[in-house]
Amino acid sequence: MSAATPDPPDPALGEEFSTLLVGIQRLVRRRLREGLAEPRLRGAQVELLRLVADFPGLRVSDAAAELCLAANSVSTLVNQLVGLGLLRREVDPADRRAALLYATGEAVERLAAWRARREALVGEVVAGLPADHRAALAAALPALRGVATGLRERAGEPGTAAPAAGGRTGPWQP
């Protein structure tokens, strides 16, 4: 039996999908930043903190691979976050040239507050949608995970991590 031939790509669907995702992410960030007392973190800083909080003891090189960033870019982010007191770096006892990363208590608290605010904000908006739209969003989640995996594979990283808590398929997913 041969594998089914995939449908040809729909550029309009891909463009609208990408535009909507970027717009939704930007709107969520803007709404969540309103009224924050602490200094605002850049997106890459938050991504790194989230990754390290989810996987304590992660090496800089592994974080770079997971975030699809150059190791020197992640090192710069690490230095910034260490300076802000949000990240701790320890020497890897197995390889003294490598560093292991840990989120500080302050970082964990900030991330938890951010996640709770994001969950409340998006949850309220989704709850206001008609039932058929909420069902469509729930039904689309496997397809969205498939898009994320496909994009990851195109970046040269297989995205085959075992599912983690909350149905995530790898540490790189929000």
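Provided above is the structure to which this section pertains.
A word on the overall build of the chain. Looking only at helices and strands, one finds six helices and three strands in the chain. Starting at the N terminus and ending at the C terminus, the chain contains elements arranged as α-α-β-α-α-β-β-α-α. Looking at the chain as a whole, 24% of its 174 residues are labelled buried. Intrachain contacts of the chain at a sequence separation of at least 6 include 54% that bridge at least 24 residues.

All right, on to unusual backbone geometry then. A positive phi angle is found at C68, which is not glycine, with a value near 55°. Residue C68 is classed as partly exposed on the basis of its relative accessible area, which comes to 42%.

Here two bridges tie strand β1 (residues 58-59) to strand β3 (residues 95-103), and the two strands are oriented antiparallel to one another. Within the sheet, the bridge partner assigned to R59 lies in β3 and is L100. Hairpin connection between strand β2 (residues 87-92) and β3: a loop of two residues separates the two successive antiparallel strands.

Taken together, three strands build an open sheet; the order of strands is β1-β3-β2 and the sheet is antiparallel. Among the strands making up the open sheet, the edge pair consists of β1 and β2. Across six bridges, β2 lies against β3 in antiparallel orientation. In the strand pairing of β3, D92 is matched with D95. Its contacts with the sheet place helix α2 (residues 43-54) against β1, β2 and β3, and it is angled at close to 100° to β3.

Definitions and limits used
In this convention, every chain numbers its residues from 1, walking through the sequence in written order. The predicted nature of this model means local features are confined to residues of pLDDT at least 70 and side-chain atom pairs, given and counted, to a pLDDT of 80 or more, with totals for whole chains, interfaces and linings taken over all residues. Note that the side-chain values use all heavy atoms of the structure and ignore hydrogens as well as water. For the purposes of this entry, the term helix denotes a DSSP run of H or I that reaches at least four residues, the term strand denotes a run of E that reaches at least two, and both are numbered from the N terminus. Each residue is assigned to one of three classes by its accessible area relative to the maximum for its type, calculated with a 1.4 Å probe on protein chains only: buried under 20%, partly exposed between the two thresholds, exposed over 50%. Contact definition: two residues touch when any of their heavy atoms are within 4.5 Å. Two strands make a pair as long as DSSP finds a minimum of two bridges between them. Only C-alpha atoms enter the line fits that serve as axes; for helices the fit covers just the stretch in contact. Angles between N-to-C directions range over 0 to 180 degrees.

Read these as geometric descriptors, not functional statements.
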